Structure formats: C-alpha cells, structure tokens
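Residue-level listing of the chains:
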Amino acid sequence: MATAGRFREQGLAGLQHNFITGKLEDLIQWSRARSSWPAQFGLACCAIEMMAAGGPHYDLARYGMEVFRASPRQADVMIVAGRVSQKMAPVLRQIYDQMLEPKWVISMGVCASSGGMFNNYAIVQGVDQVVPVDVYAPGCPPGPETLMHAILTMHGQIQSGEIFRRREESGAGAGIHVDQRDGQADAAVSLGRR
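Sequence positions are assigned chain by chain, starting from 1 and proceeding in written order. Only residues with pLDDT of 70 or above have their local features reported here, since the model is predicted, and side-chain atom pairs are shown and tallied only from 80 upward, although totals for entire chains, interfaces and linings are computed over all residues. Hydrogens and water are ignored here; the side-chain numbers use all heavy atoms of the structure.

This part covers the pattern of salt bridges. By salt bridge we mean one thing: a side-chain nitrogen of Lys or Arg within 4 Å of a carboxyl oxygen of Asp or Glu. Following the criterion strictly, the structure yields two salt bridges and no others. The salt bridge involving Arg93 is made with Asp97; its shortest N-O contact spans 3.1 Å. Placement of the pair is Arg93 and Asp97 together in helix α4 (residues 89-98), with a separation of four residues, close to one helical turn. Look at Arg93 and you get partly exposed, because its relative accessible area is 32%. Between buried and exposed lies partly exposed: a residue is buried under 20% and exposed over 50% of the maximum accessible area for its type, with that area taken using a 1.4 Å probe on protein chains only. With a relative accessible area of 45%, Asp97 lands in the partly exposed category. Two residues, Glu101 and Lys103, come together in a salt bridge whose shortest N-O distance is 3.7 Å. Given the relative accessible area of 58%, Glu101 is considered exposed. Of the residues examined, Lys103 reaches a relative accessible area of 5% and is grouped as buried. In this description a helix means any DSSP run of H or I spanning at least four residues, a strand means any run of E spanning at least two, and both kinds are numbered starting from the N terminus.

With that out of the way, let us pick up the packing of aromatic side chains. Aromatic pairing here means that ring centres of Phe, Tyr or Trp (its six-membered ring) are within 6.5 Å. Orientation follows from the plane angle: under 30 degrees is stacked, over 60 is edge-to-face, and everything else is tilted. Within this structure, the stated rule accounts for zero aromatic pairs. Here, a charge over a ring is recorded when the distance from Lys NZ or Arg CZ to the ring centre is within 6 Å and its angle to the ring normal is within 35 degrees. Sitting over the face of the ring of Phe118, Arg83 holds its NZ or CZ atom 4.7 Å from the ring centroid. Seen from the ring of Tyr96, Lys103 lies directly overhead, with NZ or CZ sitting 4.2 Å from the centre.

Working note: a packed helix pair is described by the angle between its axes plus the distance between those axes. Orientation of helix α6 (residues 144-160) relative to helix α7 (residues 162-170), taken along the N-to-C sense of each, is 80°, at an axis distance of 5 Å. In this view, α6 runs roughly perpendicular relative to α7, as classed from their interaxial angle. Only Glu162, Ile163, Phe164, Arg165 and Arg166 of α7 make contact with α6, whose side of the interface consists of Met154, Gln157, Ile158 and Ser160. Put simply, Ala, Val, Leu, Ile, Met, Phe, Trp, Tyr, Cys and Pro go in the nonpolar bin, Asp, Glu, Lys and Arg in the charged bin, and everything else, Gly too, in the polar bin. Taken together, the residues of the contact of α6 with α7 sort by class into four nonpolar, two polar and three charged. Interaxial angles span 0 to 180 degrees and are taken between N-to-C directions of axes, which are lines fitted to C-alpha atoms, for helices over the stretch in contact. For classification purposes, an angle smaller than 35 degrees is called roughly parallel, one larger than 145 roughly antiparallel, one from 65 to 115 roughly perpendicular, and anything else oblique. Here a residue-residue contact requires only that any non-hydrogen atoms of the pair lie within 4.5 Å.

For the rest of this paragraph, the subject is the environment of Phe68. By the element assignment, Phe68 lies in the loop between α3 (46-53) and β2 (77-81). Given the relative accessible area of 22%, Phe68 is considered partly exposed. Distance in space between the C-alpha atoms of Phe68 and Gln40 is 6.2 Å, their sequence separation being 28 residues. Dropping the residues within four chain positions of it, Phe68 is found in contact with Pro38, Gln40, Met50, Leu60 and Ile79.

UniProt positions are given in the numbering used here, feature names are shortened, and annotations may be inferred rather than shown by experiment. The positions UniProt marks with the feature "binding site: [4Fe-4S] cluster" (unreviewed entry) are Cys45, Cys46, Cys111 and Cys140. The named residues occupy 96 residues along the chain; their greatest pairwise C-alpha distance, 9.9 Å, places them in one compact cluster. Structurally, Cys45 is set in the loop between β1 (38-42) and α3. For Cys45, a relative accessible area of 43% puts it in the partly exposed group. With respect to the helices and strands, Cys111 occurs in helix α5 (residues 110-114).

Disulfide assignment relies on a single distance test, namely cysteine sulfur atoms paired within 2.5 Å. Taken as a whole and judged by the stated rule, the model has zero disulfides. With no disulfide partner, Cys45 has as its closest neighbouring cysteine sulfur the one in Cys46, 4.9 Å distant. The thiol of Cys140 is not disulfide-bonded; the next cysteine sulfur, from Cys111, is found 5.4 Å away. Looking at Cys140, the relative accessible area reads 32%, which means it is partly exposed.

In this text, buried Ala, Val, Leu, Ile, Met, Phe, Trp, Tyr and Cys residues form a nonpolar core when linked through side-chain atoms within 4.5 Å. Counting 26 residues, the largest nonpolar core has Ile106, Leu147 and Met154 as its most contacted members. Where this core is concerned, the elements lending two or more residues are α3, β2, β3 (104-108), β4 (135-137) and α6. Sorting elements by how many residues they give to this core places α6 first, with six residues. Excluding anything up to four places from it in sequence, Met154 contacts Val77, Trp104, Ile106, Val135 and Ile163. Formed by 16 residues, the second largest nonpolar core is a distinct cluster that contains Val80, Tyr96, Val105 and Ala112.

Right, dumping it as structure tokens:
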C-alpha cells in the first residue's frame, strides 16, 4: 500500500527500479527528449534566427520540433528569443505556468540571458529572474546552429536524467551554458563585458 501511495505522489520516480522499470524509465526519458514541442516567445532579432532554424535549410523537424505551438498547454519547451521588458515579464511567467510538466526553458541570445546592451530599468536583466532557465544559447543574435546545439544539449540532458538532477539540487533551472556554433563573435566580447 505504501508503494502505491508513493507511486501516485512521485510517478515513475517513486518506484523501486529493477530490470523492467529501469528500462521503462530509459524509454520514457528517450521519448521525452524526442518529442519536445516548443512554444516560441520571440521578442526581438533573435526570433528571426529562431524562425530560420525552423525553415527547410536547418530543419528542426529532424528533432520532432517542426511546429511551434501556439498554445502553451501543448508545449513543453519555451524558447525565449530576445530581450524581455518589465511589461512582458508577467506575460512570460503566465505562459510558463500554463505549460505542462515537465517543461524546459532555453534562453536564446545575450539579451534574454543578461539584458545585453540594454542595461536599463525597462529590460529584465536575465530571463532567469522570471522563469528557471535550463540552457543558455549565447550570441547576438545566436544563429540557427547555436540554437540547434542548445536544443541537442537539452535533449541529451533530458535523456540522461541529468537535467532533473540539476533541478533537484539547485531548485531552479539546470543553467547549462553551451558554446556558440555559428562563427559569430562572442557577444559578451563584442559588448566589452569581459
């Protein structure tokens, strides 16, 4: 009876794993990693690069992410592309709260990650002040290659279960930083922030 109660409260994590349920957990994590549906939150020039990643040249359909969901109730990955204003922050949080668990957030670009060159009262100085960020994609704006690298990094972390362990340890997003892959100069260097 205690095992049934623990399973209801914790889901698959509440089971004692043996060779059957251990493989079942691997299958569930594999399917989560390959069926992530993005909710776009394009706010500035990074959104153009995000749209380019969804086009035929870069083809996000390879990862099962070809359709950006218009409803947050159908999405489990939020890609925040661009600067977030103080007026937009409550809307961003509301959309995040409406997404189903488990959910992940990718911060795309230096403006979303740290406010970028907009160091003033009107811009949120890092979207991690509003929602927990799992993967940071650098650049100003990051190209489709960098976004795809962030997505693949997130998929690997979901499949291995590492992203869940990081969330339990920190109580926030996983906070994984990826390298820029599109050959552009690092935005932090070009803005003189290093």
